[in-house]
Amino acid sequence: MNQALETADLPAFIEVGAGHSSRRIAVRAREGSSPGLFWLGGFNSDMKGTKALALEAWATERGRACVRFDYSGHGESGGRFVDGTIGRWLEESVAVFRQFCRGPQVVIGSSMGGWMALLLARELLRQPAEAALAGLVLIAPAPDFTEELMWKGFSPDIRTEIETKGVWMRPSEYGEPYPITRALIEDGRNHLLLGGAINVGCPVRILQGAQDPDVPWQHAFALTHRLPADDVVLTMIQDGDHRLSRPQDIARMLAAVSEMG
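Along each chain, numbering runs from 1 in the same order as the chain's sequence is written. Per-residue local features of the predicted model are confined to residues with pLDDT of at least 70, and side-chain atom pairs are confined, for both listing and counting, to 80 or more; whole-chain, interface and lining totals are unaffected and use all residues. Working from all heavy atoms in the structure, the side-chain values ignore hydrogens and water.

Named according to an unreviewed UniProt entry, the chain is Serine aminopeptidase S33 domain-containing protein originating from Bradyrhizobium oligotrophicum S58.

1. Considering a nonpolar patch on the surface
Grouping into patches uses exposed residues only, defined as over 30% relative accessible area, and leaves out salt-bridged ones; the cut-off is 9 Å for like charges and 5 Å for nonpolar side chains (Val, Leu, Ile, Met, Phe, Trp, Tyr). All accessibility values rest on the Shrake-Rupley procedure with a 1.4 Å probe; residue burial counts only the protein chains present in the view. What makes a salt bridge here is a side-chain nitrogen of Lys or Arg within 4 Å of a carboxyl oxygen of Asp or Glu, nothing more. Taken together, the side chains of W217, F221 and M236 make up a nonpolar region of the molecular surface, amounting to roughly 280 Å² of accessible area. Within the fold, M236 resides in strand β10 (residues 232-237). Burial classes follow relative accessibility: with a 1.4 Å probe on protein chains only, a residue under 20% of its type's maximum area counts as buried, one over 50% as exposed, and anything between as partly exposed. Among the residues examined, M236 registers a relative accessible area of 33% and is labelled partly exposed. Runs of E in the DSSP output that reach at least two residues are strands. Runs of H or I that reach at least four are helices, and both are numbered from the N terminus.

2. Remarks on the packing of aromatic side chains
Planes of paired rings set the category: under 30 degrees apart is stacked, over 60 is edge-to-face and the rest tilted, where pairs are Phe, Tyr or Trp rings (Trp by its six-membered ring) whose centres lie within 6.5 Å. Enumeration according to the criterion identifies 13 aromatic pairs in this entry. Taking the centre distance of 5.1 Å and the plane angle of 55° together, the rings of F43 and F81 count as tilted. Taken together, the residues span a long stretch of sequence, with F43 in the loop between β3 (33-40) and α1 (50-62) and F81 in the loop between β4 (64-69) and α2 (86-100) at a distance of 38 residues. According to the relative accessible area criterion, F43 is buried, its value standing at 16%. A connected cluster of aromatic rings, assembled from ring pairs, spans F38, F43, F69, Y71, F81, W89, F97, W115, F145 and Y178. Over the ring of F13 we find R24; its NZ or CZ atom is 3.7 Å from the centre of that ring. Sitting over a ring, as applied to charges here, requires NZ of Lys or CZ of Arg to be within 6 Å of the ring centre and within 35 degrees of the ring normal. The cationic tip of R189 hangs over the ring face of W151; the distance from NZ or CZ to the ring centre is 5.4 Å.

3. Describing the nonpolar core
Definition of nonpolar core: a set of buried residues of the types Ala, Val, Leu, Ile, Met, Phe, Trp, Tyr and Cys, connected through side-chain atoms within 4.5 Å. One finds F38, F43, L136 and I180 to be the most contacted residues of the largest nonpolar core, which totals 58 residues. Top element by residues in this core is helix α3 (residues 112-126). It accounts for 9 residues. In this description, contact between two residues means that some pair of their heavy atoms is separated by no more than 4.5 Å. Not counting chain neighbours up to four residues away, the residues in contact with I180 comprise F43, M150, F154, I162, G166, V167, W168, R170 and I185. Membership of the second largest hydrophobic core comes to 22 residues, among which are A52, V106, I108 and V137.

4. Comments concerning the packing of α2 against α3
Put simply, α2 and α3 touch, their axes get as near as 10 Å, and they point 60° apart. Here α3 runs oblique to α2, going by the angle between their axes. α2 and α3 meet at a crossing whose hand is right-handed. Along the contact surface, α2 presents I86, W89, L90, S93, V94, F97 and R98, while α3 presents M112, W115, M116, L119, L120, E123 and L124. Under this grouping Gly is polar, as are all residues other than the nonpolar Ala, Val, Leu, Ile, Met, Phe, Trp, Tyr, Cys and Pro and the charged Asp, Glu, Lys and Arg. For the contact of α2 with α3, the class distribution of residues is 11 nonpolar, 1 polar and 2 charged. To obtain each axis, a line is fitted to C-alpha atoms, and for helices this fit is confined to the stretch in contact; angles are then taken between N-to-C directions over 0 to 180 degrees. An angle below 35 degrees is read as roughly parallel, one above 145 as roughly antiparallel, one from 65 to 115 as roughly perpendicular, and any other as oblique. A crossing counts as left-handed when the near helix is turned anticlockwise from the far one by less than a right angle, and as right-handed when that turn is clockwise.

5. Details of the pattern of salt bridges
Evaluation of the coordinates by the stated rule reveals 15 salt bridges. Note that E76 is salt-bridged to R28, the shortest N-O span being 2.5 Å. Taken together, the residues E76 in the loop between β4 and α2 and R28 in strand β2 (residues 23-30) connect sequence positions 48 residues apart. Among the residues examined, R28 registers a relative accessible area of 5% and is labelled buried.

6. Description of the sheet that holds strand β6 (residues 131-139)
Taking strand neighbours across the sheet as the criterion, the 8 strands line up as β1-β2-β4-β3-β5-β6-β9-β10 in an open arrangement whose pairing is mixed. The strands lining the two open edges of the sheet, one partner per strand, are β1 (12-16) and β10. The average undirected angle you get between the axes of adjacent strands in this sheet is 25°. DSSP-based pairing: two strands are paired if at least 2 bridges between them are found. Strand direction decides the pairing type here: β3 and β4, joined by 3 bridges, are parallel. Bridge pairing links S33 to R64 in β4. Strand contacts of α1: β2, β3, β4, β5 (103-110) and β6, with the helix running at about 155° to β4, the strand carrying the most contacts. Helix-sheet contacts for helix α7 (residues 217-224) involve β6, β9 (204-209) and β10, and the interaxial angle to β9 is about 165°.

7. As for the pairing of strand β8 (residues 175-181)
Two elements, strand β7 (residues 167-172) and β8, share 5 bridges in a ladder whose sense is antiparallel. Counted as the bridge partner of M169 is P179 from β8. Between β7 and β8, which pair antiparallel in sequence order, lie 2 residues.

8. Description of the environment of S77
Summarising the element assignment, S77 is placed in the loop between β4 and α2. When its relative accessible area of 9% is taken as the criterion, S77 is described as buried. Apart from residues no more than four positions distant in its own chain, S77 is found in contact with R24, I25, A26, D70, Y71 and S72. Pairs of N or O atoms are called polar contacts if they sit within 3.5 Å, as long as, within protein, a hydrogen donor faces a hydrogen acceptor (for residues adjacent in sequence, only side-chain-to-side-chain pairs). In this structure the side chain of S77 is engaged in a polar contact, spanning 2.6 Å, whose partner is the backbone oxygen of D70.

Here it is as structure tokens:
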């Protein structure tokens, strides 16, 4: 991996992968005290979203280290979104964590980022890094979403289109339609977590909106039953949506981060 220096508000870049699968990943890392913060964004979002910027501001005020990045095909990183899979994005998450994080870290994962956070925790238990997990804060976490929240809910026509054409353009409430590929679905099956116990080795705080149309609250409830019983807290926000980006939601997120140290 080759790292470029970060200047002003420009990100640093690292290369992840080799040969044709190499992609240039944009990272914003500020040095500071521990525990540091490590942000994992959602599917088709980037590191300049409301929650990510709120975390950055909170960390800056307190002199805390904070690392944000964009998955390939997202934001300022290279690569095409249509080429993305859970495995590729996990490889990037692990690479950024290992290169930029030192000491204890609070990992904050939103939606797909919640799945990434759990997969990262499992990877770190297998192969420890110079940084360790002080805690996970998961916001509307969506582990296994490619299978449980996409494939199983798709109509036969949509499934056929994905299987035959390799891609289906999914309409979005948040912008232009975006591609759901056969590779995304098939690769997602290699990273499913909800079929058994999930060991993360640290405290977990989950924030879930009861009015979330994308990740039902039952999904978060099922996740809690797969996590160790000790030091796992699920907060149900009765009027909360999927984004949980309102001021009161941001305050809950920051309170959960603060609780981790």
